[in-house]
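Analysis of the macromolecular model
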Amino acid sequence: MKKGITFVVGMLLAVSVFANGKKDANSGKQKIYLITMDQMDQHWVHVNQGCMKAVQELGGIDYKWLAPDIKDDNKQIECINNAVAGGANAILLAANGPTAVVSALKEATAAGVKIIYVDSAADYPAEQTLATDNKAAGKTAGDVLIKALKDKGVTSGSIGVVSVNTATASTVNREAGFRSAFAGTGFKILETQYCDGDAARSKDAASNFITQGCVGLFGANEGSTVGVGGAIAEVGSKVLGVGFDKSDMILTLIKNGNLVATMAQNPEVMGYEGMKSAVKVLKGGKASPAYFDTGVSVLTKDKL
């Protein structure tokens, strides 16, 4: 008799635990993660802010932002794996390396996770990509620098480029667009220096370009641009610099005349619209358009 009672009580407890677990799992909240390249750049802070704005408006979302402390493929892969293990329904990803994360994304998809790219895509299918047209924006940066140099009466000379690495799709495309602007001109673009977006290393690279007699410099992302502007400011050089992204430091460098301009993306739009698309897809809808051009603005001293 006692054994029978014990068995029944045990079964009731098991059912209760199962029911409670099922209730938590079906609470209606979707788990959505933002995984960016790093935590260093203000650019990602603004993407996060866009995500949070959409979360507040939409409701019913369990949202987390994960990112490596530095740009590192293995650390970003770890973030993706942690998100999947944490029960992610969707991941908004800014891929550091387009091929490095593919295996992790395949595993995420196999687990039923929906993938949306913000800023930089991987070589793997996703529901949507929300990003700047980086080649077009890079060409615009080149055009702005050429005009600024010509306004100073400079029609030839060497140009230095400071970028992140040879793998990140967004910055590779920016560099390609920038170089295309100089085709058929009297300027020569030197071999790109890659500094992983680290501002201090980018500054050293930019200083070396200045020592070599470059007349113009281009920074392909926030850290690169801060480094370029910092090098120009330090030597009081007449070298002209243009860059990419918007941060307090970059705006200060422009105000002080150490940078001619920066190509300001719209990271808040990436996060905001990306989050809305994630929710739409999780509800059975389709994210449209497949490529969402979030635009870019040229910020100069008179446009701040």
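Residues numbered from 1 in each chain as written. Predicted model: local features only at pLDDT ≥ 70, side-chain atom pairs only at ≥ 80, totals over all residues. Heavy atoms only, no water.

1. Re the environment of Gly257
Turning to its location among the elements, Gly257 is positioned in the loop between α9 (248–255) and β11 (261–265). Among the residues examined, Gly257 registers a relative accessible area of 51% and is labelled exposed. Remark: the alpha-carbon pair of Gly257 and Lys301, spanning 44 residues in sequence, is separated by 7.6 Å. (Helix = DSSP H or I, 4+ residues; strand = E, 2+ residues; numbered from the N terminus. Buried < 20%, exposed > 50% of the residue type's maximum accessible area, 1.4 Å probe, protein only.)

2. Description of unusual backbone geometry
Residues Ser288 and Pro289 are joined by a peptide bond in cis, for which omega reads 0°. Unusually for a residue other than glycine, Asp119 sits at a positive phi of about 75°. The residue Asp119 is located in the loop between β4 (114–118) and β5 (128–131) in this model. Phi at Asp245 takes a positive value of approximately 85°, unusual for a residue other than glycine. Checked against the element boundaries, Asp245 lands in the loop between β10 (240–244) and α9. Judged by relative accessible area, which is 3%, Asp245 ranks as buried.

3. Some points on the sheet that holds strand β1 (residues 30–35)
The sheet built from six strands is open, its strands ordered β2-β1-β3-β4-β5-β12 with parallel pairing. Edge positions in the open sheet fall to β2 (61–66) and β12 (291–293), since each of these has one partner strand only. Neighbour to neighbour, the strand axes of the sheet diverge by 20° on average, direction disregarded. Note: β4 against β5, three bridges, orientation parallel. Following the sheet pairing, Ile116 is matched in β5 by Gln128. Each of β1, β2, β3 (90–93) and β4 touches helix α2 (residues 42–58); the most contacted strand, β2, lies at about 175° to it. (Pairing = 2+ DSSP bridges. Axes fitted to C-alpha atoms, helices over the stretch in contact; angles between N-to-C directions. Contact = heavy atoms within 4.5 Å.)

4. Remarks on the confidence of the model for the protein chain
Of the residues in the protein chain, 91% have a pLDDT of 70 or more, and the chain-wide mean is 91. Predicted confidence for residues 1–26 stays below pLDDT 50, and this span has zero contacts to residues more than four positions away or in other chains. (pLDDT = per-residue confidence, 0-100.)

5. Quick word on the side chain of Asp245
Lacking a salt bridge, the buried Asp245 has Arg174 as its closest oppositely charged neighbour, with an N-O distance of 4.3 Å. Within the structure, the side chain of Asp245 is placed 2.5 Å from the side chain of Gln265, a separation counted as a polar contact. In this view, Asp245 contacts His43, Arg174, Asn221, Glu222, Ile250, Thr262, Met263 and Gln265; residues no more than four positions away in its chain are not counted. (Lys, Arg positive; Asp, Glu negative; His and termini not counted. Salt bridge = Lys/Arg side-chain N within 4 Å of Asp/Glu carboxyl O. Polar contact = N/O pair within 3.5 Å; in protein donor to acceptor, adjacent residues only side chain to side chain.)

6. Structural notes on the packing of aromatic side chains
Counted under the stated rule, the structure contains three aromatic pairs. Within the aromatic cluster, the residues linked to one another by ring pairs are Phe178, Phe182, Phe187 and Phe218. One Lys or Arg, Lys53, reaches over the ring of Tyr272 and ends 5.1 Å from the middle of that ring. One cation-aromatic arrangement involves Arg174 over Phe244; the distance from NZ or CZ to the ring centre is 4.2 Å. (Phe/Tyr/Trp six-rings, centres within 6.5 Å; stacked < 30°, edge-to-face > 60°. Lys NZ or Arg CZ within 6 Å of the ring centre and 35° of its normal.)

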